[in-house]
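Fold and contact review
Chain by chain, the residues run as shown.
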Amino acid sequence: MSEIFKIVKDKKQGFTIVPNQLAFDENISLKSTMLLIIMLALPPTWDLTIKGLAKLKKDGIDSIRTGINELEKAGYISKKRIRNEKGQVQGTEYTVYETLDLNP
């Protein structure tokens, strides 16, 4: 099963600006805050997967998955199942938002 992450953010100039909404959001842990910052800092060409994120830091796949789930609950990530023509799940597409204001 495949995972696809799509990042929705403003254009940046080789650096990451952290919105205050994210920095001070009391609904997410420090781990999830940093995970989102790392995801936003990665270039658009990066093959962003949970396994790939786990390779960037000491946290394992389970820790990354927990952070992703927390960010989804808080509204920074939305998830959509990708199905084939038979309706079978083929993977998951995640959309990652820089701020809650960008999540429709």
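A quick note: this is a predicted structure, and the numbers were derived from the prediction, not measured.

1. Concerning the overall build of the protein
Scanning the protein from N- to C-terminus turns up 4 helices and 3 strands. A buried classification covers 37% of the 104 residues belonging to the protein. In the protein, 58% of the contacts between residues at least 6 apart in sequence involve partners at least 24 apart. Here the protein displays about 6,900 Å² of accessible surface, and carbon together with sulfur accounts for 52% of that area.

2. Brief notes about the environment of Leu100
Relative to the assigned elements, Leu100 resides in the segment after strand S3 (89-97). C-alpha of Leu100 to C-alpha of Ile77: the two residues are 23 residues apart in sequence and 9.1 Å apart in space.

3. Some remarks on the packing of helix H2 (residues 30-41) against helix H4 (residues 61-74)
Interaxial distance between H2 and H4 falls to 9 Å at its minimum, and their mutual angle equals 90°. Here H2 lies roughly perpendicular to H4, going by the angle between them. Every residue of H4 that contacts H2 at Lys31, Ser32, Leu35, Leu36 and Met39 is listed here: Ser63, Ile64, Thr66, Gly67, Ile68, Glu70 and Leu71.

4. Points about the pairing of strand S2 (residues 77-83)
Across 7 bridges, S2 lies against S3 in antiparallel orientation. Across the sheet, Ile77 pairs through a bridge with Val96, a residue of S3. Between the antiparallel neighbours S2 and S3 lie 5 residues, among them Gly87 with a positive phi of about 85°.

5. A few points about the environment of Ile28
Checked against the element boundaries, Ile28 lands in the loop between helix H1 (20-23) and H2. C-alpha separation for the pair Ile28 and Glu70, spaced 42 residues apart in sequence, amounts to 6.7 Å. Residue contacts for Ile28: discarding those within four places in its chain leaves Leu22, Thr33, Glu70, Leu71, Ala74 and Tyr76.

Procedures and definitions
Residues numbered from 1 in each chain as written. Predicted model: local features only at pLDDT ≥ 70, side-chain atom pairs only at ≥ 80, totals over all residues. Heavy atoms only, no water. Helix = DSSP H or I, 4+ residues; strand = E, 2+ residues; numbered from the N terminus. Buried < 20%, exposed > 50% of the residue type's maximum accessible area, 1.4 Å probe, protein only. Contact = heavy atoms within 4.5 Å. Areas by Shrake-Rupley, 256 points an atom, 1.4 Å probe, with all protein chains shown as cover. Axes fitted to C-alpha atoms, helices over the stretch in contact; angles between N-to-C directions. Parallel < 35°, antiparallel > 145°, perpendicular 65-115°, else oblique. Pairing = 2+ DSSP bridges.

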